[in-house]
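Reading the structure
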Amino acid sequence: MIFVQAQFSTQSAEAIASAIGGEVVTVDPLAKDYIDNLDNITEAFSQGITKE
């Protein structure tokens, strides 16, 4: 998994993910609902760490 910030282009990340057989996951550290966003980011990172 390659994590990208929602405010930036994903073009480079998608090229790298394609080359390694991975996927791009967008996270938004600047979301307005801070607590809900922390849950979303934690879940995304957790899936990325445990995925083989």
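This text follows the structure it describes.
A quick note: this is a predicted structure, and the numbers were derived from the prediction, not measured.

1. Some thoughts on the overall build of the protein
On a plain count of helices and strands, the protein comes out with two helices and two strands. When the helices and strands of the protein are placed in sequence order, the string is β-α-β-α. A total of 52 residues make up the protein; the buried ones form 17% of that total. Counting contacts in the protein only where the partners sit at least 6 residues apart, residues at least 24 apart contribute 24% of the total. Accessible surface computed for the protein: about 4000 Å², of which carbon and sulfur atoms make up 54%.

2. What about the pairing of strand S1 (residues 2-5)?
Side chains Ile 2 and Val 4 project from S1 onto a buried face, and the interleaved Phe 3 and Gln 5 project onto a face without burial. Taken together, the four bridges between S1 and strand S2 (residues 24-27) define a ladder with parallel strand orientation. When the sheet's bridge partners are listed, Gln 5 is paired in S2 with Val 27. Regarding the hand of the β-α-β motif, the stretch spanning S1, helix H1 (residues 11-20) and S2 is right-handed.

3. So, helix H2 (residues 34-50)
Taking 1.5 Å as the rise per residue, H2 with 17 residues should run 24 Å; its terminal C-alpha atoms sit 24 Å apart, in good agreement. Buried within H2 we find Asn 37, Ile 41 and Ala 44. The arc that holds the buried residues of H2, viewed along the axis, is 60°, so those residues lie on one side. When the buried face of H2 is taken as reference, the exposed residues oriented beyond 90 degrees from it are Ile 35, Thr 42, Ile 49 and Thr 50. Those residues of H2 that are buried lie in contact with S1 and S2.

Criteria and cut-off values
Residues numbered from 1 in each chain as written. Predicted model: local features only at pLDDT ≥ 70, side-chain atom pairs only at ≥ 80, totals over all residues. Heavy atoms only, no water. Helix = DSSP H or I, 4+ residues; strand = E, 2+ residues; numbered from the N terminus. Buried < 20%, exposed > 50% of the residue type's maximum accessible area, 1.4 Å probe, protein only. Contact = heavy atoms within 4.5 Å. Areas by Shrake-Rupley, 256 points an atom, 1.4 Å probe, with all protein chains shown as cover. Pairing = 2+ DSSP bridges. Right-handed = clockwise from strand over helix to strand, strands pointing away. Expected span 1.5 Å × (residues − 1). Arc of directions from axis to C-beta.

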